[in-house]
Amino acid sequence: MALKFAANLNFLFTERATSIAERIRLAHQNGFRAVEIPYPDGETSDVVSAVKETGVVVSLVNLAFDKSDDQLRFGSTSVPGSEKLFRSQLDATIDFARQVNCGKIHLTAGLFKGGQESDYTKTYTANLKIAADSLRASKMIGVIEPINKYAVPGYYMNSYSKAAGILADVAADNIQLLADLYHLQHLHGNVSKTLEEYKALIGHFQIAQVPHRHEPDVSGELDYGFVFKALQEFGYDGWVGCEYKPKTTTVEGLGWVSKLGYTL
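As the structure is a computational prediction, the values presented were derived from the model and not from experiment.

Moving on, we come to the pattern of salt bridges. As enumerated under the stated definition, the model contains ten salt bridges in all. Put simply, Lys-193 and Glu-196 hold a salt bridge, and the shortest N to O gap is 3.7 Å. Here the residue Lys-193 and the residue Glu-196 both occupy positions in helix α7 (residues 191-198), the gap between them amounting to three residues, near one helical turn. Note on Lys-193: relative accessible area 49%, which makes it partly exposed.

Moving on, we get to the sheet that holds strand β5 (residues 141-144). Backbone-to-backbone hydrogen bonds join strands into a sheet, with any given pair of strands oriented parallel or antiparallel. Spatially, eight strands are ordered β1-β2-β3-β4-β5-β6-β7-β8 in a closed barrel, and the strand pairing comes out parallel. Across the sheet, the mean angle from the axis of one strand to that of its neighbour is 30°, orientation sign disregarded. With two bridges joining them, strand β3 (residues 57-62) and strand β4 (residues 104-106) adopt parallel strand pairing. Considered in β4, the bridge of Asn-62 is made with His-106.

The residue Thr-77 is located in the loop between β3 and α3 (83-99) in this model. Overall, the relative accessible area of 0% leaves Thr-77 in the buried class. Residues in contact with Thr-77, not counting those within four places in the same chain, are Leu-63, Phe-86, Leu-107, Thr-108, Ala-109, Thr-123, Tyr-124, Asn-127 and Leu-128.

What follows concerns the UniProt feature "domain: Xylose isomerase-like TIM barrel" (unreviewed entry) in the chain. Feature annotation in UniProt assigns "domain: Xylose isomerase-like TIM barrel" (unreviewed entry) to the following positions: residues 24-259. Across residues 24-259, helical content stands at 42% and strand content at 14%; the span's end C-alpha atoms are separated by 24 Å.

Right, let's talk about the packing of aromatic side chains for a bit. The geometry of an aromatic ring pair is captured by two quantities: the separation of the ring centres and the angle between the planes. Enumeration over the complete set of coordinates arrives at 15 aromatic pairs. With centroids separated by 5.0 Å and ring planes inclined at 80°, the aromatic side chains of Phe-205 and Tyr-236 adopt a geometry described as edge-to-face. Note that Phe-205 is positioned in strand β7 (residues 202-207) and Tyr-236 in the loop between α8 (224-234) and β8 (239-242), a separation of 31 residues in sequence. We classify Phe-205 as buried; its relative accessible area is 0%. For Tyr-236, a relative accessible area of 9% corresponds to the buried category. Measuring from ring centre to ring centre gives 5.3 Å for Phe-228 and Tyr-262, while their planes differ by 80°; the resulting arrangement is edge-to-face. Residue Phe-228 is found in helix α8, and its partner Tyr-262 is found in the segment after α10 (256-259); the two are separated by 34 residues along the sequence.

Turning to the pairing of strand β6 (residues 175-180), a few remarks are in order. In terms of burial, β6 is a largely internal element, six of the six residues being buried. Bridge count for β5 against β6 is three bridges, and the pairing is parallel. Bridge pairing links Gly-142 to Ile-175 in β6. The β-α-β motif built from β5, the intervening helix α5 (residues 160-170) and the parallel element β6 has right-handed crossover chirality. Bridge analysis of β6 against β7 gives four bridges, and the strand direction is parallel. Each bridged residue has a counterpart across the sheet, and for Leu-177 the counterpart in β7 is Ile-202.

Under the UniProt annotation, the feature "active site" (unreviewed entry) is placed at Glu-145 and Glu-243. These annotated residues cover 99 residues of sequence, and their C-alpha atoms lie no more than 12.9 Å from one another, placing them together at a single site. As for its position among the elements, Glu-145 is in the loop between β5 and α5. Glu-145 sits in the buried class, given a relative accessible area of 4%. Apart from residues lying up to four places away in sequence, Glu-243 is in contact with Asn-8, Phe-11, Glu-145, Asp-180, Gln-206, Ile-207, Ala-208 and Arg-213.

Calculation criteria
- Residues numbered from 1 in each chain as written.
- Predicted model: local features only at pLDDT ≥ 70, side-chain atom pairs only at ≥ 80, totals over all residues.
- Heavy atoms only, no water.
- Salt bridge = Lys/Arg side-chain N within 4 Å of Asp/Glu carboxyl O.
- Helix = DSSP H or I, 4+ residues; strand = E, 2+ residues; numbered from the N terminus.
- Buried < 20%, exposed > 50% of the residue type's maximum accessible area, 1.4 Å probe, protein only.
- Pairing = 2+ DSSP bridges.
- Axes fitted to C-alpha atoms, helices over the stretch in contact; angles between N-to-C directions.
- Contact = heavy atoms within 4.5 Å.
- UniProt positions renumbered as here; feature names shortened; annotations may be inferred.
- Phe/Tyr/Trp six-rings, centres within 6.5 Å; stacked < 30°, edge-to-face > 60°.
- Right-handed = clockwise from strand over helix to strand, strands pointing away.

Okay, structure coming up:
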């Protein structure tokens, strides 16, 4: 099964454009057929226009977030006391996702800022159950992502075992696991066996080299020639998000695609 790659616009083309709409156009001009994007606060209509203009697929959109609050800028899904905010952000993100025909939303967890972790777990589980119902009504999927402490210190969702436990409690087939191999390697290592262990839960993949989060062909801990073959054998037929930091510029770094035997 051939892999297909989406440009994550939190990371790619940022050196050439500040707006998400313009990054979408740049991704399209450079061969990408799909993009992953943050919720485009303040430029929703421009992004919708760019998507229609280019015909790119929006394969993933992140939950809307509160830029003004240090704890909530990485999401509100697990944060006690933010339940009303979460629901409004979820509604806004679903509404936007409908406009760009995106079927998958990353339900960002937020930061653990002290108190009882059990309160965060209770809030997270309850909010994910609410999200499952809302997303199902729109025929969408929600994904949760374990993130390592070096990338986002204090992020609540910080292990695959924790994610598996939460997903078991939520018990909704449209709430799934986002496996970012950069984070997976930092958190657990043993990528092949970890993917086998959590295969039934995974609904999305993202990639970057470890430890510096550059292109997959840059020297690092992961052999992406092997990893990509493993993903093909995995049977995943969705978009693979390119969530890496270009070592130089986005365009200069795209040589990895043909070098590793793939196309955009």
